[in-house]
Amino acid sequence: MEADLRRLFDDLPGLVWACGPDGVTNFVNRRWRDYAGITIDELRESGWIATIHPDDIPAVRAAWRNAVETESSAEFEMRLRRFDGVYRRFIVKAEPFHDSEGRIGGWFGVNSDIESQRRAETELEAEKQLLELVAHGVALPEILHQICLQVERIAPGSLCSILFSDPDELRFRLGAGPNLPAPYNAILDGLKIDPFFGPCSLAITTKTTIFAIDPPTDPRWSASAWPGMMTEFGLGSCWSAPIIGSGGQVLGIFAIYRRECVGPTAEEEELIDRFAKLSGIAMERANSDAMLAASAADLRRANHFLAGAQRLSKTGSFTLDPLSDEQVWSDENYRIWEFDPAVTPTMEMVRAAIHPEDLDVTYKAFEDAIHARENVDLFYRIVTPVAGVKYLHTVMEVIPEMADRLIYLGSSQDVTDIKLSEIAFRESESSLARANVQLSAAQRLSQTGSFTWDSKTLELNWSEENYRIWDFDPAILPDMAMIVDALHPEDRATVLEGIERAVHDRSAFDAHYRVVTRSGAVKYLHTVSMPVPEITSHAVFLGSTQDVTDTKLTELALRTREAELERTNSYLTAVQRLSQTGSFTWDLEQDEHNWSDVIYEVFGFEPGTNVTMEMIAGAIHPEDMINVEALLRGAAMGQKFALEFRVLRQSGEMRYAQVIGHRVDQISDRPVFMGALQDITSRKLAEAELNHARAELAHVARVTALGALTASITHEVSQPLAGILTNASACLRMLAADPPDLDGAKTTVQRTIRDGNRASEVIKRLRGLFTRKPPILEWIHLGDAAREVLALCSSELQRRGVFVRTDLRGGLPSVLADRVQIQQVILNLVLNAADAMAQVDGHGRELQVSSYAEFGGDIVLSVRDAGVGIDPSGVEQLFQAFHTTKENGMGIGLSISRSIIEAHGGRLWGTPNTNGPGSTFAFSIPRDANAAELGRR
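Report follows, based on the coordinates.

Quick notes on the rules
Residues numbered from 1 in each chain as written. Predicted model: local features only at pLDDT ≥ 70, side-chain atom pairs only at ≥ 80, totals over all residues. Heavy atoms only, no water. Pairing = 2+ DSSP bridges. Helix = DSSP H or I, 4+ residues; strand = E, 2+ residues; numbered from the N terminus. Axes fitted to C-alpha atoms, helices over the stretch in contact; angles between N-to-C directions. Buried < 20%, exposed > 50% of the residue type's maximum accessible area, 1.4 Å probe, protein only. Disulfide = S-S within 2.5 Å. Salt bridge = Lys/Arg side-chain N within 4 Å of Asp/Glu carboxyl O. Contact = heavy atoms within 4.5 Å. Core = buried A, V, L, I, M, F, W, Y, C linked by side-chain atoms within 4.5 Å. Expected span 1.5 Å × (residues − 1). Arc of directions from axis to C-beta. Phe/Tyr/Trp six-rings, centres within 6.5 Å; stacked < 30°, edge-to-face > 60°. Lys NZ or Arg CZ within 6 Å of the ring centre and 35° of its normal. Left-handed = near helix turned anticlockwise from the far one by under 90°. Nonpolar A, V, L, I, M, F, W, Y, C, P; charged D, E, K, R; others polar.

The next point concerns the sheet that holds strand β12 (residues 326–329). Taking strand neighbours across the sheet as the criterion, the five strands line up as β12-β11-β15-β14-β13 in an open arrangement whose pairing is antiparallel. The sheet is open, and its two edges are formed by β12 and β13 (376–384), each paired on a single side. Direction aside, the axes of adjacent strands within the sheet are offset by 25° on average. In terms of strand pairing, strand β11 (residues 315–321) meets strand β15 (residues 408–414) through six bridges, oriented antiparallel.

Now the structure itself:
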C-alpha cells in the first residue's frame, strides 16, 4: 500500500512531500528530488532549510513553527533552489493528517511553482508605469532610461541597452544604457551598422532577435573586434531584438547583456519581446510629437507668407460678427483703411470712412445681405486721411460651420489702381484680358459672375462664370431677351421693374431672384450692379451675379429648423409649468447655474438672477443641510444625485422640492450636471393631511376595539383591587392581635403593593392605547408586545371560550416600531380571530399566537384561529376599507392594520389553514432600521 502511494505521489505534477508529527521531512516525491537535485537522505542530513533562499528562511520558519505547534494547516510563499542553483518562487500548502485515535500523524504538502505568475505581474506593473510616462509626454531619453532600469530590476544580473538607428539605417545612436560601462556606450554611439560586426547590427538587417551566448567562440563574428570588446568590459553574452515600428520599419535595437555566457530563458525571451515593443511605442510617440512641432512651425511660416501675399496683392482679410460687431482684421486691412492697428475697428468707423455717394447703396446692400444671411460682394469707395479716395472690392462669405450664429469671412482688396485703369483704359483689351483672367479665377471660387451693361446700346459683356451661372452658351452673345426668357415666371415682373427703375434713376440695382436653366433646374441668384460714375452721358452698369442656390436652400432649411426648435421649446416650457418641474445645468467648479423659471419660483429668487451656491445654501432648511452637503461631496466626484429637501423663502414660506441630476458626459475635464427640480409642496401637504386622517382613524379603531374588551378590562382591574382589599383587611387583623403579628403584616403589605403595581400596569397599558399621540419609533420585541395584548384581553377570551396557545420564541431580534400601533394590530387580529370562532361548536376554539424570523431577516407574528375560515379568492377584499364580514363591524380594522404595518416597511397578509379549520393572519416587520424608516416615509 505504501509503495503504491509513493508511486502515485511520484507521478503527481507538483513537488509533493510529507513529514512526521515533529515536523521533520520524511518523504519527497521524485519531481521534488529532480527539481532540487538531492536525495531524501541528503535532505535529512542538510535539512530542508538549506534549499530555501536565505532571505525567506525567517518567515518560513515562523509559518512552519506555528503549524507544528497548533497542529494546523499551513500556506506560505518561498523561493526554492533548483538543482542548477537558480531560485524559483513557490507557494507551499500543507495539510495535517491524523491516526485512528485522532492524534496528529504528520503533514502532507505540495509546492506549486508561481515564478512565472509573479514575473508576469511585475512586468505588467512596470509596463503600466512606463506607458504612463509616454502618455504624460515625458522626454524620450528619460523614458528609455526608465525602461532599462525596469528591465534590470525584473531580470537581476541584466544590463539593458537601447540604440536608435538613423533614418538611413547606416549608424547607431545611443538611446539609453544606464549601467553599461560608459566607454562601451561611447563606442556604440555612432557605430556603423554592419551585420558582421555584432548581434545588434545583425538584428537590424534581419529584423529578428539575435542571441550571442559566447561571442569569442561564435563563428558569426570571428573576424570582428566586438567579441574582444565584450571580454574587455567584462560582458559574457548579448541578446539583441529589433525595435519594429507600426509601419514595419526598424527604429532601433533593444539589447540585454549578461556578464555570464548564458542564453535567455523562455521568460527572458518574452521580457525582451515585450520591452522592445514598449520602446517602439515610446519612440513613435516622440516622432509624432516632433512632427507636430514641425507642423506648427510650417503653419507659422505659412501665416508669414500669407501676410506677405496680402501686402503684395493689397488684399486684407477679416472676420465679422454682425450681431456683436466683433471684427478681426489682418495687418493689410488696417493699412488699406488707414486705421490705427491699436484701435479695435467698429462698423461705425467703417461707415464713417465710406464715400458719401456710395454710403447708402453700400450699406443697404450690406444690411440686406445680413438680413438674408447671404454672402456679400461689393465695390465701393472710401475716403482715407492720407491717400484720399480709394476703390475697394469686398467679398464676404457666411461661414457654414457656425450654424448657430451669423459669422462672415471676407476680404477687402484695394482696387483703386485697377479701377482707375479700367476707366482710363477701357478700350485696352490686353489690360482687360489680364484683369479678366484674375477675376475669372476669383469668380469661380466665389460662384460670382461679373458683367457690364450699356443701357443705351443694350450691349452686354459677361464673364465666363456668368455664362456658367445662367447656363448660356459662351459662343452666343447674350441679350436682354435671353435674360427675360430665363427669369422665373414668378420673379420676372419684379426684376424688370427694378431694372427700369435703376436705369431711370441711374441708381444701383440689387435683386434676389430665380432663373430656370436650359436643363430645367431652378437657381437662386443675387445680382448687384451700379452705374459707372465716370460715364455721365448715359447709364452704364457694372455688376456681379452670384449663384446663391446652396446658401438659399440652407437658409430655408435653417429657418424651418428654427421654427421647429421654437415650437418645441414653447411646449417644454408649458409642460414644466404644468408639472411644476424646472430644468437646470450646474457647473460645480465655476459655480455657474442656468435655471428655468420654475426653479426661480421655488426658491423665491428673481428670474434671471445670477445664482450662487452660497445663495442656494442660505435658502435651504437648516435640518436638510447635512443631506445637501453629502450631495455636494458626491457631485464633486461626478456622482449622480437625487434628494428631497425644504426651501425657506425670504418671506418665511416653506416649499418642498425634489431634485435629480447626472453628469454631462460630453464635458470630461470638470463636473458639469444637468437635471430637474420639482416643487412637491402640494404632495407633501397632502401626505401630511392623509397621515393625520389615518392617525385619527387608527385611534377610533383602537377605542372601538378596546370597547369590546370592557368586561375583560374590568376583570383585569377588579382582580388586583380585590386582592388589595383582602390583604389590607388581613394586615389590620394581624396588627390588632396581641401580640401583633408583624411578620404576617409585612407579608400582606408586600402582597398589597404587588396587586397595586399590577393594577397600575393594566391602567398604564390602557392609557397608552387610548392616548392620541404621534408615532414614536423604539426598539421593541414583538413577543413582549403580544403578551401584553393577550394579558389585557385574557378575560374576554376566556369568556368567549377561546383557548390561547402561544409560540413566542425567545432570542428574536428587536424591531424598530411604534409599540402602540403594533399592539393595535395584534389586538385587532386577536379579536377578529375570536369573532371568527364565535359560532364554532364542533371543535375547540383554539387561538395560537406565534413569532419567528423569516429567512430574509424579517420578524413575523402570526395569529391562527380555528374558526369558519376565509375564501382564498376574497382575501385581498378583506383589507379594503369599509368591507366587513361581521354584522356590526365597521370594516376598517384590517385596512388600518395593513397601513400601519406597511408604514413600518412590513407587510400584512391572510391565508386559509391547510391542516385544519380556520385561517391565519400574520404580519412581518424588517429588522433593518433604514427599511422601517423608509416604509414610514
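For the rest of this paragraph, the subject is the environment of K277. Topologically, K277 is positioned in helix α10 (residues 266–313). Residue class for K277 comes out exposed when judged on its relative accessible area of 53%.

Enumeration over the complete set of coordinates arrives at zero disulfides. Counting only cysteine sulfurs, C200 is the nearest neighbor of C238, a cysteine outside any disulfide, at a range of 4.6 Å.

In total, this model carries 43 salt bridges according to the counting rule given. A cluster of three or more residues bridged by salt bridges with shared partners is formed by R649, E653, R655 and D679.

Let's shift gears to unusual backbone geometry. Even without being a glycine, R373 presents a positive backbone phi close to 55°. As for its position among the elements, R373 is in the loop between α13 (356–372) and β13. Of note, the phi angle at D591 is positive, near 55°, even though the residue is not glycine. Within the secondary structure layout, D591 lies in the loop between β21 (581–587) and β22 (592–595). The class for D591 is partly exposed, based on a relative accessible area of 26%.

Moving on: the sheet that holds strand β5 (residues 104–113). Across the sheet, which stays open at both edges, the five strands sit in the order β2-β1-β5-β4-β3 with antiparallel pairing between neighbours. Each end of this open sheet is capped by a strand with a single partner; those strands are β2 (25–28) and β3 (74–81). This sheet shows a mean twist of 30° between the axes of neighbouring strands, independent of strand direction. Across five bridges, strand β1 (residues 15–19) lies against β5 in antiparallel orientation. Residue pairing across strands places W17 opposite G109, the latter belonging to β5. Strand contacts of helix α4 (residues 57–70): β1, β3, β4 (87–98) and β5, with the helix running at about 140° to β3, the strand carrying the most contacts.

Time to look at the nonpolar core. The tendency in soluble globular proteins is for nonpolar side chains to be buried side by side. The biggest cluster of nonpolar side chains holds 42 residues, and the ones touching the most others in it are I822, I826, L829, L847, V849, L861 and F923. The set of elements that each furnish at least two residues to this core consists of α26 (782–792), β28 (815–817), α28 (819–836), β29 (846–853), β30 (859–864), α29 (875–878), α30 (893–903) and β32 (919–925). For this core, the element with the highest residue contribution is α28, accounting for nine residues. Contacts of V849, omitting those with residues within four sequence positions, involve A786, L790, R805, T806, D807, L808, L861, S862 and V863.

With respect to the helices, strands and loops of the structure, A922 is situated in strand β32. Along the backbone, A922 and L861 are 61 residues apart, and their C-alpha atoms lie at a distance of 5.6 Å. Not counting the four nearest positions on each side in its chain, A922 is found in contact with V860, L861, S862, R907, L908 and W909.

In this model, helix α18 (residues 492–505) (14 residues) spans 20 Å end to end at C-alpha, consistent with the 20 Å of a helix rising 1.5 Å per residue. Every buried residue belonging to α18 is among V495, G498, I499 and A502, and all of these are buried. In an axial view of α18, the angular spread of the buried residues amounts to 100°, which keeps them on one side of the axis. Turned more than 90 degrees off the buried face of α18, the exposed positions are A493, E497, E500 and H504. Where the residues of α18 are buried, they touch β16 (448–454), α17 (480–486), β18 (509–516) and β20 (540–547). R506 lies just past α18 and shows a positive phi near 50°.

Attention now moves to the packing of aromatic side chains. Counted by the stated rule, this structure contains 27 aromatic pairs. Judged by centre distance (6.1 Å) and plane angle (70°), the rings of W586 and F641 are edge-to-face. Here F641 lies in strand β23 (residues 641–648) and W586 lies in strand β21, a separation of 55 residues in the sequence. On the basis of relative accessibility, which here comes to 6%, the residue W586 falls in the buried class. On the accessibility criterion, F641 (11% relative accessible area) is buried. Its end group placed over the ring of Y363, R351 keeps NZ or CZ at 4.4 Å from the ring centre.

This part takes up the packing of α28 against α30. Running from amino to carboxyl end, α28 crosses α30 at an angle of 145°, the nearest separation of the two axes being 10 Å. Crossing angle aside, the handedness with which α28 passes α30 is left-handed. Of the residues in α30, those in contact with Q821, I822, Q824, V825, N828, L829 and N832 of α28 are G893, L894, I896, S897, I900 and I901. Along the lines of polarity and charge, the residues of the contact of α28 with α30 split into seven nonpolar, six polar and no charged.

Our next topic: helix α22 (residues 625–636). The end-to-end C-alpha separation of α22 is 16 Å, in line with the 16 Å expected for 12 residues at 1.5 Å each. Among all positions in α22, only M625, V628, L631, G634 and A635 are buried. Looking one or two places after α22, you find G638, whose phi comes out positive at around 85°.

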